[in-house]
Amino acid sequence: MIALLALLFGAGLDDEQARVLAYRALAESGGVAAVEQLTEAIGKEQDPSARAAAQDALARIELDVAALDQLLQEGNELARAWAAHQLGHYGGSVAAEALLAAADDPSARVRREVYDSLGRSDDPRALNILRKAAVADASATNRELAQSAALASIENRDGVDVPLQLARLKSGTPGVRIQAAKTLGEAGDWRAVDPLVDAAQTGEVELRKTALLALGHLGDKRAVEPIRELAVAQSGQVRYAALAALAYLADESATPTLVALCADPDASTRQLAVRALAWTAAPGTAERLRPLLGDTSENVRAEVVLSLGELEEPERIEGLEQALDDVSPFVRSEAMRLLAATGADVDDHCVRLLEDRDALVRIAAAGACADRGVTSAVPALQKLASRTRDDSEKTYYEDALARLSP
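Residues numbered from 1 in each chain as written. Predicted model: local features only at pLDDT ≥ 70, side-chain atom pairs only at ≥ 80, totals over all residues. Heavy atoms only, no water.

### Section: helix H5 (residues 65-74)
Going by this rule: Under the scheme applied here, a residue whose accessible area is under 20% of the maximum for its type counts as buried, over 50% as exposed, and between as partly exposed, the area being computed with a 1.4 Å probe on protein chains only. Helix and strand assignments follow DSSP, with helices taken as H or I runs no shorter than four residues and strands as E runs no shorter than two, numbered in order from the N terminus. The arc in question is the one spanned by the directions pointing from the helix axis to the C-beta atoms. Every residue pair with non-hydrogen atoms within 4.5 Å of one another is taken to be in contact.
Three or more residues of H5 are buried, namely Val 65, Ala 67, Leu 68, Leu 71 and Leu 72. For H5, the arc enclosing every buried residue in end-on projection is 160°, short of the 170-degree limit, so these residues lie on one face. The outward face of H5, more than 90 degrees from its buried face, is lined by the exposed residues Ala 66, Gln 73 and Glu 74. In the core, the buried residues of H5 are packed alongside helix H3 (31-44), helix H6 (77-87), helix H7 (93-101) and helix H8 (108-118).

Written as structure tokens, this is what we have:
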């Protein structure tokens, strides 16, 4: 372990991208040792994007319940907390025993994950542990969480019968299999991941779509790779469902695939790939999206603008400014609204778009002027209010003037 950690932070891996590659390699190697190394690396990593890559790599490691139990007993603090979180998504007596035994872990961080996981357990002993923790844990935050988990534990007594739903998914009628996939997606139990992947790969179209969306909702990032493969190999509704699942999972390892699909001949594929990129928000997403402001599809360009508005990267500003000149009034108006919301200097843009040929854009510009206090726009707004014949449109200009009045 020491040697590999030295590799991660040694002279040969000072570069962020090199460390990202090392984290991915650790995820591919798998095992308890890889979890220990990644959790230690996360604790030391200073670069936000590299830390996100390490966290995504950690989420893709698959350990069985016995290995998670071992890690919960012997790992470092972050590794124990991770193991407790993972065990919370597995049913069965072995997972419950491991969590119950860890309820007195010396780390408040680990106990917090244990309580949260016990709240999802249907083991009757979990409730007693949580009730005691709600009054006795040394951490006020943990006491509050234990109380909430105790309530969740009570609700889970009549929860999903996962083994039954897995049996229905495997051998039921088409309608029963689809309903089982939906139920498993809502159950939060990661025992369903492999059966759902199999259904997504081999079932009828409706089942494949449902299984993919269920995998996205489950949140287990080990499903990213098979979903990514389906997004590339399939088309139509199955591909769309795969892209939606990747958006929910938001794993940076899918970024190259999503970027490639942004050039797909199908406009709906491009639009959904843009959305998944935005939800993933890997570093550099704004720069990846900007070229798509020239896409032939208005829906794709609108999705790019909406996505840029969701991102926090400084580069989003230039993209939104570029979209102010889009041929589509809707895209221009949304770009104006979102640009104003970023806090960037929008005075000149607001005044210019008050002269736009489309009323939707002028109204968006008027709202931005009022929101940002652009008093230099008052003459233009007065002119619009006096000459506009449509009463509903005029109301927007009058409202903006009222809000700009001292």
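### Some points on helix H20 (residues 298-310)
To be explicit about the condition: A helix is expected to span 1.5 Å for every residue after the first. Between N or O atoms, a polar contact is any pair within 3.5 Å; within protein, one atom must be a potential hydrogen donor and the other a potential acceptor, and residues adjacent in sequence are included only when both atoms are from side chains.
Compared with an ideal rise of 1.5 Å per residue, which puts 13 residues at 18 Å, H20 spans 19 Å between its outermost C-alpha atoms and is within 8% of the ideal. Residues of H20 that are buried include every one of Val 300, Arg 301, Ala 302, Glu 303, Val 304, Val 305, Ser 307 and Leu 308, and no others. Of the surrounding elements, those touching the buried residues of H20 are helix H18 (267-280), helix H19 (285-289), helix H21 (316-323) and helix H22 (329-342). Measuring from the backbone nitrogen of Asn 299 back to the side-chain oxygen at the start of H20 gives 3.2 Å, which picks out Ser 297 as the cap.

### Quick word on the packing of aromatic side chains
How two aromatic rings sit relative to each other is given by the distance of their centres and the angle of their planes. Stated formally: Stacked, edge-to-face and tilted are the three classes for Phe, Tyr and Trp ring pairs, Trp counted by its six-membered ring, which pair at centre distances within 6.5 Å; planes under 30 degrees apart are stacked, over 60 edge-to-face, the rest tilted.
The tally for this structure, following the rule as stated, stands at two aromatic pairs. Between the aromatic rings of Tyr 90 and Trp 190, the centroid separation amounts to 6.4 Å while the plane-to-plane angle is 85°, which identifies the pairing as edge-to-face. Of this pair, Tyr 90 sits in the loop between H6 and H7 while Trp 190 sits in the loop between helix H12 (174-187) and helix H13 (193-202), and the two are 100 residues apart along the sequence. In this pair, the class of Tyr 90 matches that of Trp 190, namely buried. With a centroid separation of 5.6 Å and an interplanar angle of 65°, the aromatic rings of Tyr 248 and Trp 279 are classed as edge-to-face. Separated by 31 residues along the polypeptide, Tyr 248 in helix H16 (residues 236-249) and Trp 279 in helix H18 bring together distant segments of the chain. For Tyr 248, a relative accessible area of 41% corresponds to the partly exposed category.

### Things to note about the packing of H3 against helix H4 (residues 48-59)
So the rule is basically this: Here the axes come from fitting lines to C-alpha atoms, over the contacting stretch only for helices, and the angles between their N-to-C directions go from 0 to 180 degrees. Angular relationships are summarised with four words: roughly parallel below 35 degrees, roughly antiparallel beyond 145, roughly perpendicular across 65 to 115, and oblique for the angles in between. Two helices cross in a left-handed way if the nearer one is turned anticlockwise from the farther one by less than a right angle. They cross in a right-handed way if the turn is clockwise. When residues are grouped by polarity, Ala, Val, Leu, Ile, Met, Phe, Trp, Tyr, Cys and Pro land in nonpolar, Asp, Glu, Lys and Arg in charged, and all others, Gly among them, in polar.
Look at H3 against H4: their axes get within 9 Å of each other, and the N-to-C directions meet at 155°. Between H3 and H4, the crossing angle belongs to the class labelled roughly antiparallel. In this structure, the crossing between H3 and H4 has a hand that is left-handed. Together, Val 35, Leu 38, Thr 39 and Ile 42 of H3 and Arg 51, Ala 54, Gln 55, Ala 57 and Leu 58 of H4 make up the contact between the two elements. The class makeup of the residues in the contact of H3 with H4 is six nonpolar, two polar and one charged.

### Looking at the side chain of Arg 362
Within the fold, Arg 362 resides in helix H24 (residues 359-372). Classification of Arg 362 as buried rests on a relative accessible area of 14%. Within the structure, Arg 362 has its side chain in polar contact with the side chain of Tyr 397 (distance 3.3 Å).

### Remarks on the pattern of salt bridges
Defined as follows: By salt bridge we mean one thing: a side-chain nitrogen of Lys or Arg within 4 Å of a carboxyl oxygen of Asp or Glu.
As enumerated under the stated definition, the model contains 26 salt bridges in all. Salt-bridge contacts for Arg 19 lead to Glu 45; the nearest nitrogen and oxygen are separated by 2.7 Å. Note that Arg 19 is positioned in helix H2 (residues 16-29) and Glu 45 in the loop between H3 and H4, a separation of 26 residues in sequence. Here Glu 225 and Arg 228 are joined by a salt bridge, their closest N and O atoms 2.8 Å apart. With Glu 225 and Arg 228 both in helix H15 (residues 224-233), this residue pair falls three residues apart, about one helical turn. Using a relative accessible area of 39% as the deciding quantity, one classes Glu 225 as partly exposed. Overlapping salt bridges, with partners in common, bring together Glu 62, Asp 220 and Arg 222 in one network.

### With respect to the nonpolar core
Quick note on the threshold: As used here, the term nonpolar core means buried Ala, Val, Leu, Ile, Met, Phe, Trp, Tyr and Cys residues forming a set that is joined through side-chain atoms within 4.5 Å.
Ranked by size, the top nonpolar core spans 127 residues in total, and within it Leu 63, Leu 196, Ile 227, Met 336 and Leu 381 carry the most contacts. By residue number, the principal contributor to this core is H16, which donates eight residues. Dropping the residues within four chain positions of it, Leu 196 is found in contact with Leu 169, Ala 181, Leu 184, Ala 211, Ala 214, Leu 215 and Leu 218.

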